[in-house]
Amino acid sequence: MPPSSPRGSSSPLGTLPGVPPVESSRPRWVLYVDLDAFYVSCELRDRPELRGKPVVVGPPPSEGPTRGVVLSASYEARPTGVRSAMPVGVAARLCPEAIWIPPDFTKYERASREVRSVLRRHSPTVLPFSIDEAAVILHDASMDEAQRTAETIQRELASELSLPASIGVATSRVIAKIATDRAKPAGIRLVAPDEAAAFLAPLPVRAIPGVGPKTEGLLRGLGIQTIGDLAARRPSELVRPLGTFASELVSLARGEPRPDPDTSEEPRSRSTDHTFARDVEQWEELERAVRELAGELATSLDHEGLRFGTVGVALRWADFTRTQRSRSLGAAREGTVPLTEAAVRLARELWETERSSRRRPVRTLSVRTERLVPRTQKQVFLDEFR
Ligand SMILES: [Mg+2]
C-alpha cells in the first residue's frame, strides 16, 4: 500500500497511473432535478380544479387542423398513450376526453426562474440544462447530506411553488440523470458509487442519454439489450459499429462513467434572465431591465466572492429565436459598474443590429458572466487543496 499523504498536501504522485489518488470521503454529488409534467404543472397552479384530470398542454385540436405537437401531458393522460412531442391529431384520437391548454411560455419561463432560485439556496453551482431540468452540485457532502438535500429541494418545490419534481442523486451527472428518469414521478433515487453498476445492469440501453433508436438497433444486432449486456463486452468489440462512443458506453455500463466536464469544481458561469410581461419595443425599457439584471447578478457574484472575466447578453425575440453576444474584459473584474457597462453595451449592439433589419420586439433578456474566479488569492489556494 502506498503511504497515505496527509489531506491538503496531495502530491502530483496522486495522479500517476497505478497510484490511487488521495481518498476523499466526501465526494461531489450531482442532484439532477427534473420537474414532472412541467408545463402541465405550471397550468395546474392557476387551475387547481383540473388536478387529477387528463390535461394536455399544446395547440388545441379544436382550433382547426394543426401540425403542432403535445408539449406536456399530465400523468392522468399518459395511460392512453399520449406523450410529449406526439402530433396533436394523434393525441386527440388517443385521449378524446383530454382537456387542452394552449402553451404560455412566459408563464413557464417565470416558473423556471422560481425553481432555479430555490435550487440556488442549496448550492452556488446550479447548472440549468433546459427549462425544467437542472443539476445542483454539492461539492463536499456526505451521502446522507446529499439525500437530505434532495428531500428538502423536493419539499420546497412542492410546498412553495406547487411544482412536483423527481430527483436523481449520484456522483456523476449521467448516472444522476438516469436515476431521475427512474424516480418519476415525484420520486428520489440515490445511487451510491459502489451501487452504480448493479443499478444500471437491468436497464435497457435506451436509458442511457445519447443512445437513440439507431444506436439501440446497432447494439441489439450484437445481442446487447440491457446495460448489463453492455458491461460484459470489451470496448474493442464495439469500436467498429460505435467508434469512440464504445469505450465511453462500456465504462458507463460498468458504473465508471467519464468524469463530468465541470469537475474543475469551479463555477464556470452565472446568468440571470427576465421574461417581459409584454414584449419590449423601446430601447429605454430594455436598458432599464439590463441595468437591473446586471446589478442583481453583480450582487450575487459579490456574495459568492467571485470575479468575472467575460460578460454576455442574450435576447429572445417575440418569435422565440435568440441572439447573443459576449465580450472578454481582459482581467477579471468585480462590482456592479463594469458588469452593467459591458452588459448595456452588448445589449445596445444586439438591439441596433436588429433595428436595422427585422425589428422584432424582445421577449426575454438574459445577462451572463463567465470565466469566474474567486476574488482573493487565498481562496484560490484553499480551493486547490480542498
Ligand atoms: Mg420534466
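Here's what I pulled together on the structure shown here. (Residues numbered from 1 in each chain as written. Predicted model: local features only at pLDDT ≥ 70, side-chain atom pairs only at ≥ 80, totals over all residues.)

## Quick word on the sheet that holds strand S5 (residues 126-130)
Read across the open sheet, the 5 strands follow the order S5-S6-S1-S7-S8; overall the sheet is mixed. Of all the strands in the sheet, the pair left with one neighbour each is S5 and strand S8 (188-190). For this sheet the average axis-to-axis angle between neighbouring strands, irrespective of direction, equals 15 degrees. In terms of strand pairing, strand S7 (residues 165-170) meets S8 through 3 bridges, oriented parallel. For Gly168, the partnering residue across the bridge sits in S8 and is Arg189. Relative to S5, helix H3 (residues 105-120) is tilted by about 155 degrees, and along the sheet it contacts strand S1 (29-35), S5 and strand S6 (133-138). (Pairing = 2+ DSSP bridges. Helix = DSSP H or I, 4+ residues; strand = E, 2+ residues; numbered from the N terminus. Axes fitted to C-alpha atoms, helices over the stretch in contact; angles between N-to-C directions. Contact = placed C-beta atoms within 7 Å.)

## Thoughts on helix H1 (residues 38-46)
Of all 9 residues in H1, 7 are buried, a share of seventy percent or more. For H1, the complete set of buried residues consists of Phe38, Tyr39, Val40, Ser41, Cys42, Glu43 and Leu44. Buried-residue contacts for H1 involve S1, strand S2 (55-57), strand S3 (72-73), strand S4 (99-101) and H3. (Buried ≥ 20, exposed ≤ 12 C-beta atoms within 10 Å, placed from the backbone.)

## Concerning the environment of Gly335
Locating Gly335 in the fold gives a position in the loop between strand S11 (322-333) and helix H12 (336-355). A C-alpha to C-alpha distance of 7.1 Å links Gly335 and Asp302, two positions 33 residues apart in sequence.

## Some points on unusual backbone geometry
Of note, the bond from Lys184 into Pro185 is cis; its omega dihedral lies within 30 degrees of zero at -10 degrees. Considering the arrangement of structural elements, one finds Pro185 in the loop between helix H5 (173-183) and S8. A positive phi angle, close to 55 degrees, is found at Ser162, a residue other than glycine. Take Ser162: it is sitting in the loop between helix H4 (143-161) and S7. Although it is not a glycine, Arg359 adopts a positive phi angle of roughly 60 degrees. Relative to the elements of secondary structure, Arg359 occurs in the loop between H12 and strand S12 (362-370). Taking the number of C-beta atoms within 10 Å as the measure of exposure, Arg359 has 9 and is therefore exposed.

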